[in-house]
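Chain and residue survey
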Amino acid sequence: MFANQSTTMRLYNNQSERLYINADERERFLEALSAESDDIRAFCLTLFFTGCRLSEARELRFSAIQPKARLISFRSLKKRDQHHIREIPVPQELIDALDKLPRQLGQPIWTVDGHKVSRVTAYRWVKQVMNNADIHGAQACPKGLRHGYGIHAVRSGVQLNMLQKWMGHASIATTAIYATAVGREELELADRMW
C-alpha cells in the first residue's frame, strides 16, 4: 500500500531535494510575511495555517470563515465529482489577517480586477515571500507549505486521522507519509548513541 503511495506523495523528489519547509524555514516564512501587503500576507497565512491547496485558497470566500469558532471551511477541489467540505481550526492570527481584507460578497476573497486571483499570481506571491525569507530549493513553493504543515502537525502530536481530515486526503496512507520525516524525538534517540 505505501509503495504505490510513495510514487504520488513524497517528501523528497528524484534529485533527493526536500519538498517541505522545515521548522526553521517556517519561522523565517512567518517573519517575512510582516513586510507584505495585507492581501498577500493573509493569502500566505491561509496556506501556512491550514495546509490547503493553492487552488482551494484561491476559491475561499468570507462565507466559509467562522471567526468565533476559529474555523475555515474548504471545498476539496480534488474531489470534483463530490461536494466535500472540510473544516480546519485556525489560530486567531489568521482570523485577524483575513478580517483586514475588504469584503466582496459572493466573490473569492482574493480578486484582481474583479476576477479570482490567477494561479500564476498566487504562486508568485508565495515565491516572493519564500525568496524574502531566504528559502530556496524545491521546497520553496505552495506545496512546500502544505507538506510543511503536515509534518509540523505530526510533530506537534496531531493524530493522523485528524490530519487526514484537515488536509482532505482520501487515504490515511497518504497522510502517513508525514510521519516518516525525522522529528525531534527521533533525533534525541539518535543522540543517545553518540
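Residues numbered from 1 in each chain as written. Predicted model: local features only at pLDDT ≥ 70, side-chain atom pairs only at ≥ 80, totals over all residues. Heavy atoms only, no water.

A closer look at the sheet that holds strand 2 (residues 71-75)
As summarised here, the arrangement of the three strands in space is 1-2-3, forming an open sheet in which the pairing is antiparallel. Of all strands in the sheet, those bounded by a partner on one side alone are strand 1 (65-66) and strand 3 (85-89). Of the strand pairs in this sheet, strand 1 and strand 2 are connected by two bridges, and their pairing is antiparallel. For Gln66, the partnering residue across the bridge sits in strand 2 and is Leu71. (Pairing = 2+ DSSP bridges. Helix = DSSP H or I, 4+ residues; strand = E, 2+ residues; numbered from the N terminus.)

Topic: the nonpolar core
With 52 residues, the main nonpolar core has Phe29, Phe43, Leu98 and Trp110 as its most contacted residues. Looking at this core, the elements with two or more residues in it are helix 2 (23-33), helix 3 (38-50), helix 4 (54-59), strand 2, helix 5 (92-99), helix 6 (119-132), helix 7 (142-155) and helix 8 (160-167). Once residues within four sequence positions are removed from consideration, Trp110 is found in contact with Asp39, Ala42, Phe43, Thr46, Ala57, Leu60, Leu98, Leu101, His115, Lys116, Val117 and Trp125. (Core = buried A, V, L, I, M, F, W, Y, C linked by side-chain atoms within 4.5 Å. Buried < 20%, exposed > 50% of the residue type's maximum accessible area, 1.4 Å probe, protein only. Contact = heavy atoms within 4.5 Å.)

Digging into the pairing of strand 3
Residues Arg86 and Ile88 point to one face of strand 3 and are all buried, whereas Ile85, Glu87 and Pro89, pointing to the other face, are not buried. As paired strands, strand 2 and strand 3 are joined by five bridges and run antiparallel to one another. The residue bridging Ser73 from the neighbouring strand is Glu87, located in strand 3.

Re the packing of aromatic side chains
The full count for this structure, using the stated rule, is five aromatic pairs. An angle of 85° between the planes, with centres 6.2 Å apart, marks the rings of Tyr12 and Tyr20 as edge-to-face. Owing to a relative accessible area of 6%, Tyr20 belongs among the buried residues under this scheme. On the numbers, 6.0 Å between centres and 10° between planes, the contact of Phe29 with Phe48 is stacked. Remark: Phe48 occurs in helix 3 and Phe29 occurs in helix 2; sequence separation between them is 19 residues. Phe48 sits in the buried class, given a relative accessible area of 2%. An aromatic cluster is present here, built from Phe29, Phe48 and Phe49 joined pairwise through their rings. In this arrangement the basic side chain of Arg18 is found over the ring face of Tyr20, its NZ or CZ atom lying 5.5 Å from the centre. In this structure, Arg103 is placed above the aromatic ring of Phe62, and the distance from its NZ or CZ to the ring centre is 4.5 Å. (Phe/Tyr/Trp six-rings, centres within 6.5 Å; stacked < 30°, edge-to-face > 60°. Lys NZ or Arg CZ within 6 Å of the ring centre and 35° of its normal.)

Notes on the environment of Phe74
Along the polypeptide, Phe74 turns up in strand 2. You can call Phe74 buried: its relative accessible area is 1%. Those residues in contact with Phe74, other than ones at most four positions away along the chain, are Thr46, Thr50, Cys52, Glu56, Ala57, Leu60, His84, Ile85, Arg86 and Ile88.

Overview of unusual backbone geometry
Unusually for a residue other than glycine, Asp113 sits at a positive phi of about 55°. Along the chain, the position of Asp113 falls in the loop between strand 4 (111-112) and strand 5 (115-116). Even without being a glycine, Asp134 presents a positive backbone phi close to 60°.

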